[in-house]
Amino acid sequence: MNPKLRCSGKTLAISGIFLYLTFVIFCTQSYWSASEFFSPMEHIFAPSQTTPPPHDDYPAATNISHLVFGLVGSLKAWRHRKAYIESWWRPNVTRGYLYLDTAPAEELLPWSAASPPLRVSDDISKLVQESGHVAPIMVRMVHAILEVYREGDRGVRWYVMGDDNSIFFVDNWVDVLAKYDHTKYVYIGGHSETLQSNFLFSFDQGFGGAGFALSYSLVSAMVKDLEGCIKRYPNLTSADLMTQYCVDELGVPLSAERGIHQIDLQGDISGFLSSHPQAPLMSLHHFDKVDPIFPSMDRFQSANHLMKSAKVDQSRLLQQSICYHKPTNWSFSISWGYSAHIYEKVIPRTILKRPLETFRPWGKGLNPPFYMFNTRQLSFKDPCDAPHIFFVESVENFGRNQIVSTYVRSSSPQGLSNCSFSDSHSVE
């Protein structure tokens with residue numbers, strides 16, 4: 001019988017102080033009709049042609065209804081990526097659309113109600129031809145910003161753009177975006193984990209696969225000349241960099257969030273996930289390019305298994321906690337809802353905060369440094385430095401603010417001998 005590790009915790013009730021406005025500013029706004037700028041789409045999945053109304057002026061806290069997701073994918077890849085999106089999408093709750101490059105065949109129809117509403121991307125061939133753009137696929141991805149805006153959803157505060165092979169943690173997006181003023185021009189995204197990716201593209205762009213958020217006010221300004229902006233940069237080969245250029249034209253800098261993960265890594269990323277910073281987990285991109293995050297499951301099972309923890313307490317998912325058991329000289333590193341590591345000696349927090357380098361950098365033939373963070377080598381030569389690894393089996397909410405998570409020893413062989421460190425006690 002596998003040994004198990006149990007951790008229990010109590011959620012903290014946080015009281016908020018509401019600031020009441022003592023004055024009202026009256027202003028007039030000019031409206032422009034979508035029909036003046038856009039021709040009707042002719043495909044069968046035509047979106048609404050209504051231009052969205054201005055953002056709401058009510059002081060209510062940002063909630064899930066204020067977010068609209070614009071997800072870009074391809075029909076060829078959708079068959080393999082459908083399960084990723086359906087692991088986090090909540091029908092009739094999450095708002096947004098999936099933009100495919102072509103209409104689906106009959107085998108995918110009727111369209112699944114568990115998936116985002118389907119749209120087919122605009123025909124941008126004329127735009128590409130006029131600009132002589134070198135990357136039509138990337139133009140389609142940027143153009144999706146205009147297309148999702150044109151859907152006309154009411155009460156939008158934020159547009160979140162992303163790829164169809166990403167997993168989004170929507171409640172955490174809501175919490176993070178609530179910190180920002182959606183009435184301002186705001187551009188929120190994350191960096192790549194790999195130094196080379198940031199260097200080759202930009203340290204000031206939000207990597208779009210993992211998702212970036214644009215305030216309603218910013219998108220309203222961008223779409224007035226988004227196609228013109230695309231034409232001005234025909235040599236850009238990255239949709240994310242193209243978006244940054246268009247945002248930069250409006251003088252808006254990137255606001256970086258640590259929980260948006262491009263996952264420009266290869267192989268086993270469990271070491272990276274097991275040392276997540278104290279920041280809300282917002283997204284995981286390239287989920288179909290790395291090893292399954294739970295060694296006993298495939299990728300689809302892994303996505304659904306992680307979401308079980310997310311449904312119980314998404315706010316602290318993956319966030320690392322470090323503690324010590326003095327009678328045994330054990331160190332614990334717990335990535336809540338995902339993994340737990342036990343070391344047979346006391347290891348400083350500064351060391352344990354560094355991800356175990358179980359993964360490889362994105363790309364080949366690179367020279368160090370590889371990453372945007374410090375790492376530590378995974379070695380089983382010294383059993384005192386090697387962790388005993390557990391992965392989450394179940395998370396249960398027992399009420400009265402008590403959550404119990406159960407972690408089971410990894411099925412992968414460790415081959416560890418006892419630690420010879422003074423006063424150590426064997427985990428076995």
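Residues numbered from 1 in each chain as written. Predicted model: local features only at pLDDT ≥ 70, side-chain atom pairs only at ≥ 80, totals over all residues. Heavy atoms only, no water.

(A) Focus on the overall build of the protein chain. What the protein chain contains, in helices and strands, is eleven helices and 18 strands. For the protein chain, the residues scored as buried account for 53% of the 428 residues in total. In the protein chain, the share of contacts with a sequence separation of at least 24, taken over all contacts with a separation of at least 6, comes to 71%. For the protein chain, the exposed area adds up to about 21,200 Å²; of that, 54% sits on carbon and sulfur atoms. (Helix = DSSP H or I, 4+ residues; strand = E, 2+ residues; numbered from the N terminus. Buried < 20%, exposed > 50% of the residue type's maximum accessible area, 1.4 Å probe, protein only. Contact = heavy atoms within 4.5 Å. Areas by Shrake-Rupley, 256 points an atom, 1.4 Å probe, with all protein chains shown as cover.)

(B) Local environment of the sheet that holds strand β4 (residues 118-120). An order of β4-β3-β2-β5-β8-β7-β9 is seen for the seven strands of this open sheet, with the pairing classed as mixed. The outermost strands of the open sheet, each flanked by one partner alone, are β4 and β9 (254-256). Between one strand axis and the next, the sheet turns through 25° on average, direction left out of account. Its contacts with the sheet put helix α1 (residues 75-88) on β2 (67-72) and β3 (96-100), and the angle it makes with β3 is roughly 165°. Running at roughly 125° to β2, helix α4 (residues 170-177) makes contact with β2, β5 (158-163), β7 (187-189) and β8 (212-215) of the sheet. (Pairing = 2+ DSSP bridges. Axes fitted to C-alpha atoms, helices over the stretch in contact; angles between N-to-C directions.)

(C) Layout of the environment of Asp123. If you trace the backbone, Asp123 turns up in the loop between β4 and α2 (125-131). Among the residues examined, Asp123 registers a relative accessible area of 66% and is labelled exposed. With 17 residues separating them in the primary sequence, Asp123 and Arg140 have C-alpha atoms 8.5 Å apart. In this structure the side chain of Asp123 is engaged in a polar contact, spanning 2.8 Å, whose partner is the side chain of Ser125. (Polar contact = N/O pair within 3.5 Å; in protein donor to acceptor, adjacent residues only side chain to side chain.)

(D) Quick peek at the pattern of salt bridges. This structure, assessed with the given rule, holds 13 salt bridges. Its salt-bridge partner being Lys179, residue Glu257 comes within 3.5 Å of it at the nearest N-O pair. Taken together, the residues Glu257 in the loop between β9 and β10 (260-261) and Lys179 in the loop between α4 and β7 connect sequence positions 78 residues apart. Among the ionic pairs, Arg232 bridges to Asp225, the shortest N-O distance being 3.0 Å. Within this structure, Arg81, Asp164 and Asp288 form a network of salt bridges that share partners. (Salt bridge = Lys/Arg side-chain N within 4 Å of Asp/Glu carboxyl O.)

(E) Fine view of the pairing of β8. Residue alternation in β8 divides its side chains into two sets, Phe212 and Leu214 and Ala213 and Ser215, and both sets are buried. One ladder, built from four bridges, connects β5 with β8; its direction is antiparallel. In the sheet register, Met161 faces β8, and the bridge partner there is Phe212. Pairing analysis gives two bridges linking β7 to β8, with the strands arranged antiparallel. By the bridge assignment for β8, Ile188 is matched with Ala213.

(F) Region of interest: the sheet that holds strand β6 (residues 167-168). Pairing is mixed across the open sheet formed by three strands, whose spatial order is β6-β12-β10. In this open sheet, the two edge strands, each paired with only one partner strand, are β6 and β10.

(G) Structural detail: a nonpolar patch on the surface. Together, Phe199, Leu200, Phe201, Phe203 and Met372 give the surface a local cluster of nonpolar side chains, amounting to about 520 Å² of exposed area. Its place among the elements puts Met372 in the loop between β16 (359-361) and β17 (388-397). (Patch = residues over 30% accessible without salt bridge, like charges linked within 9 Å, V, L, I, M, F, W, Y side chains within 5 Å.)

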